[in-house]
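Structural characterization, general
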Protein chains: 2
Amino acid sequence: MTKSLEEVCSDVLEKTVPTNNERKHILELAEKLRRRVKTAVEEARIEAEVRVEGSVAKDTWLKEEPDIDIFLQVPITMPRTAFGTICLEIAKKATEGHKQVERFAEHPYLESFIDTTRVNIVPCYRVKKGEWISAADRTPFHTDYLKPLLNKSLRREIRLLKRFMKGIGVYGAEIRVGGFSGYLCELIILHYGSFAKSLRSIADWRESRIIDHEDHFEGRDQEVRRIFDEPLVVVDPVDRGRNAAAAVRKEKLDELIVASRAFLAKPRLEFFYPQETVTYALDKLFHVMTARGSTIVFIRFGRVRAPPDVLWGQLYKSLRSLRKMLQQHDFKIIRDQVWSDERDLNMFVFEVEQRSLPFTKKHLGPPVEKMEECENFLRKHVGMASTIAGPYVEGGRWVVETKRRHTDVVKLLAEKLKRGGRGVGVADLISKALTDTIGILVNGEIAKLYSSNAEFAKFLTEYLKGKPRWLNGIAVQK
Amino acid sequence: MTKSLEEVCSDVLEKTVPTNNERKHILELAEKLRRRVKTAVEEARIEAEVRVEGSVAKDTWLKEEPDIDIFLQVPITMPRTAFGTICLEIAKKATEGHKQVERFAEHPYLESFIDTTRVNIVPCYRVKKGEWISAADRTPFHTDYLKPLLNKSLRREIRLLKRFMKGIGVYGAEIRVGGFSGYLCELIILHYGSFAKSLRSIADWRESRIIDHEDHFEGRDQEVRRIFDEPLVVVDPVDRGRNAAAAVRKEKLDELIVASRAFLAKPRLEFFYPQETVTYALDKLFHVMTARGSTIVFIRFGRVRAPPDVLWGQLYKSLRSLRKMLQQHDFKIIRDQVWSDERDLNMFVFEVEQRSLPFTKKHLGPPVEKMEECENFLRKHVGMASTIAGPYVEGGRWVVETKRRHTDVVKLLAEKLKRGGRGVGVADLISKALTDTIGILVNGEIAKLYSSNAEFAKFLTEYLKGKPRWLNGIAVQK
């Protein structure tokens, strides 16, 4: 039985719009916390405004995942270091007796949990619009901008879009995800008017999409492109110099586009609430890996002491560097991935077509027209120990067959990472952790870890399947 | 001890210019044969002029390899079929009692051997200049054009250039070689004035070189390029519509260019008279092949009944087709070659980096912008048995990892050639021979043939060394 888009959306709304009671509960909790923070502020004798911000303030949170954001707007005379000292202490005091985690985005803040509700207490400066000091200073302006523009209907559409983004895995501006923030979802709905209209527009997005709801750059797309070079540009209504979609990576944008098309073609609840991945049993895991015939190298290492955004930034940077290094050594990478539990275990995964390369490699020299380069090339290669055959002329250029230095991908990685891999572009903190705790596992050697770590097992199962979860339902179309 | 260019050339001239006695002997033999053919012509009651042509007529032959060309110029009223009947019989009669081989270029002719001297008796039409019927009709005009322009000095320079071309392996317009004809060597010397000047010019040749000694196209290079698309164009002085260098393949041109440079940098006799290749002993052969770490596949097959130019044309065409087929199946070819003794044994050689490819292959689909193509791609791959992982979006396009149909290069070749390989572009006569007599050998399996066939052993040794023989001496420069 296929459902219409309206039917599916109505099912989703039932699941994700808080009931009146739930709304009341969260708003009361938020207000109680705000007051507690305010009290702590007063006790600390600093002059700060305390406001509820984010999705709770705008009534756009998803009922299954309420996040309460409390902002401390401190005077601009306060030094930035106070964010990590006085402000953090105020936050700790206000949530005393609950689980607390010190976090760090651009600056420190406190995450705590009241029962299952996440509460972020974030310091920022109380500034005039446009005179931003810290990254969080815009948030109150976002709230003030949106609140009067939203109505009940738009808030429902926002919840649909957020839930959709979560379902397909593109929600979140943190570096780990590189996707769409809640604020960005709100701006998209504000601009297009509804979830369905947004998806229809997104399905048709072409390169270099620009949304400029407040017409800050009316008719001056060229200028926008000069200022912003991200794949998606959503000019922040409260700051024309900021791209509210700056965090969106090209791949996440592409995933949203193709998922939107697939959803519009066949609306299904699974886009919003994908089925949990059932991890492969161990024998199935071996079978699937063997059937691939490739070589999967797992580089595991232990704790990196850094906030998630720093950790993921360094993980991705290091992944790119190692990918480049392997490609320069002629290994054909099928896919690579990075995984982290953000605690004790980090992992690079490189899947290459073949573990070993042949000893001999064809090395292309200069075209015969370049006389001087040719002479140097011949001087370098004729009769050298590293020369296996040639040089000879082929396709208009000198070519020589030489001995390959590295033929085994595992040995190559082990050698390059022996001292942390800084020389091949591994980021500092990762390099340090690698030096102390590296372990390299190949193919089936991952079994023990797979069996003992459910989170990782899920990651690896999804990796091996290698397709967006919402694609499962598409197969039925045939 | 390094010698000057003049010293080396003087050594060569000593070896390659016939002595007066030798010249007298060849000219007398040629004249005797001409008269015999003339007699046979008269006995056959046809009206034909009989002339000595080629290098003997122009006194430009190499003393170690004299070729006597006798041309029968028959009236244009004679049907083309007569070349293979009456003319051939005349030729046979004239060389009765000597070894005779029926040959075929554009049309039939007779090759015979008087002692060790090769004699070609070639029919052609007696035409007016420009009214060419058969390909050989121009030859008498070439002789008539050049004879008055050559002097003793130029003839010495021509012999040097011919010997040089032979030495580096680019002499001969036959399809097997794809190099420079004797006539072309003569034109080059005529144009540049001497061997040294020719080499200096050649060393500096750039793309699309044009020589137009008679200024047929004076100042109209564009027009020349429109008419001729070969890498080297030498406008035939007796026929402005013909490129005397049409047979020269790009690789042979390149080889001449780089050899010229190397020779000018360090003149050595070896360029003219390279050392015979000493074939590897069997254990050395194994060692060299193992050290390469590649897979060499030898496809052998038996006699192809065709004149050499037809045989080589089909061999090269088939080699190209098979190369393309292997590349389409993702095998990385290091080099390929074809070898033939022009009698009982032919051989394709394909050296690939690795015998086996991984089971899984990454198949790139359409960019996400192409909506309809994306839909088709998904319909084709989601949930299919051939799909190993994905589809997923990567780098702005859909990608799927699929099962590879062919992972073993030997099995792939065996399968494609089972019925002759016509379906993958193998030429007709080759296909027929393959069907009846194919044998596939891999790496060391070639040992038996190597040991029993000195000609092939030399080919394989040179293949494995893979460099022009004149490069050996260059190593000393370091």
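For the structure, check the block above.
Now for a description of the structure that goes with this document.

Quick notes on the rules
Residues numbered from 1 in each chain as written. Chains lettered and ligands numbered in written order. Predicted model: local features only at pLDDT ≥ 70, side-chain atom pairs only at ≥ 80, totals over all residues. Heavy atoms only, no water. Least-squares fit on C-alpha atoms with pLDDT ≥ 70 in both. Contact = heavy atoms within 4.5 Å. Phe/Tyr/Trp six-rings, centres within 6.5 Å; stacked < 30°, edge-to-face > 60°. Helix = DSSP H or I, 4+ residues; strand = E, 2+ residues; numbered from the N terminus. Buried < 20%, exposed > 50% of the residue type's maximum accessible area, 1.4 Å probe, protein only. Salt bridge = Lys/Arg side-chain N within 4 Å of Asp/Glu carboxyl O. Polar contact = N/O pair within 3.5 Å; in protein donor to acceptor, adjacent residues only side chain to side chain. Pairing = 2+ DSSP bridges. Axes fitted to C-alpha atoms, helices over the stretch in contact; angles between N-to-C directions. Parallel < 35°, antiparallel > 145°, perpendicular 65-115°, else oblique. Left-handed = near helix turned anticlockwise from the far one by under 90°. Nonpolar A, V, L, I, M, F, W, Y, C, P; charged D, E, K, R; others polar.

**Notes on the relation of the copies chain A and chain B**
Superposition of chain A onto chain B requires a rotation of 180 degrees combined with a translation of 0.1 Å along the rotation axis, giving an RMSD of 0.2 Å. Interpreted geometrically, this transformation is the action of a two-fold axis. If distances are taken from each C-alpha of chain A to the rotation axis, the shortest is found for A:Gln354, at 5.0 Å. Here 100% of the contact residues of chain A are again contact residues in chain B; the copies associate through an equivalent surface.

**Remarks on the packing of aromatic side chains**
Enumeration over the complete set of coordinates arrives at 36 aromatic pairs over all chains. Their ring planes at 40 degrees and their centres at 5.8 Å tell us that B:Phe456 and B:Phe459 sit as a pair that is tilted. Here B:Phe456 and its partner B:Phe459 are both found in helix H17 (residues 454-465), three residues apart, which amounts to about one turn of the helix. You'll find B:Phe456 and B:Phe459 in the same group, each marked buried. Each residue in the set A:Phe164, A:Phe195, A:Phe263, A:Phe271, A:Phe272, A:Trp470 and B:Trp398 is aromatic and connected to the rest through ring pairs, giving one cluster.

**Some remarks on the interface of chain A and chain B**
Contacts between the two partners involve 51 residues from chain A and, on the opposite side, 51 residues from chain B. Between chain A and chain B we count six salt bridges in total. In this assembly, chain A and chain B are joined by 18 residue pairs in polar contact (both at pLDDT 80 or more). Elements supplying a minimum of two residues to the side of chain A that touches chain B: helix H10 (250-265), helix H11 (282-292), strand E10 (333-340), strand E12 (360-367), helix H13 (371-381), strand E13 (387-394), strand E14 (397-403) and helix H17 (454-465) of chain A. The leading source of residues in the side of chain A that touches chain B is E13(A), at seven residues.

**Observations concerning the pattern of salt bridges**
Tallied over the entire structure, the rule returns 94 salt bridges over all chains. Linking A:Glu111 and A:Arg103 is a salt bridge whose minimum nitrogen-to-oxygen distance equals 3.4 Å. One salt bridge in this structure joins B:Lys24 and B:Glu28, with 3.9 Å as the shortest N-O distance. One end of the pair, B:Lys24, and the other, B:Glu28, are both in helix H2 (residues 20-43), four residues apart, so they sit about a helical turn from each other. Its relative accessible area of 52% is what places B:Lys24 among the exposed residues. Judged by relative accessible area, B:Glu28 falls into the partly exposed class, the value being 48%.

**Focus on the side chain of B:Lys252**
Residue and element names in this part refer to chain B. Tracing the chain through its elements places Lys252 in helix H10 (residues 250-265). A polar side-chain atom of Lys252 sits 3.3 Å from the main-chain carbonyl oxygen of Gly169. Residues within four places of Lys252 in sequence aside, it is in contact with Gly169, Val170, Val177, Gly178, Gly179 and Phe180.

**Topic: the pairing of strand E1 (residues 49-53) of chain A**
Residues and elements named next belong to chain A. Of all five residues that make up E1, four are buried, and the element is covered over most of its length. Sheet topology note: the E1/strand E2 (residues 67-74) ladder contains five bridges and is antiparallel. Paired with Glu53 across the bridge in E2 is Asp69.

**Here we look at the sheet that holds strand E7 (residues 232-236) of chain B**
Residues and elements named next belong to chain B. Taken together, three strands build an open sheet; the order of strands is E6-E7-E8 and the sheet is mixed. With one partner strand each, in any of the chains shown, strand E6 (209-211) and strand E8 (239-243) form the two edges of the open sheet. Shown here is a sheet whose adjacent strand axes are inclined to one another by a mean of 25 degrees, direction ignored.

**Description of the packing of helix H6 (residues 152-168) of chain B against helix H7 (residues 182-192) of chain B**
Residue and element names in this part refer to chain B. Two elements in contact, H6 and H7, have axes separated by 9 Å at closest approach and are oriented at 125 degrees. Taken as axis vectors, H6 and H7 run oblique relative to one another. Considering how the two elements wind past one another, H6 and H7 form a crossing that is right-handed. Listed contacts from H7 to Leu154, Glu157, Ile158, Leu161, Lys162 and Met165 of H6 are Gly182, Cys185, Glu186, Ile188, Ile189 and Leu190. When grouped by side-chain class, the residues that make up the contact of H6 with H7 number eight nonpolar, one polar and three charged.

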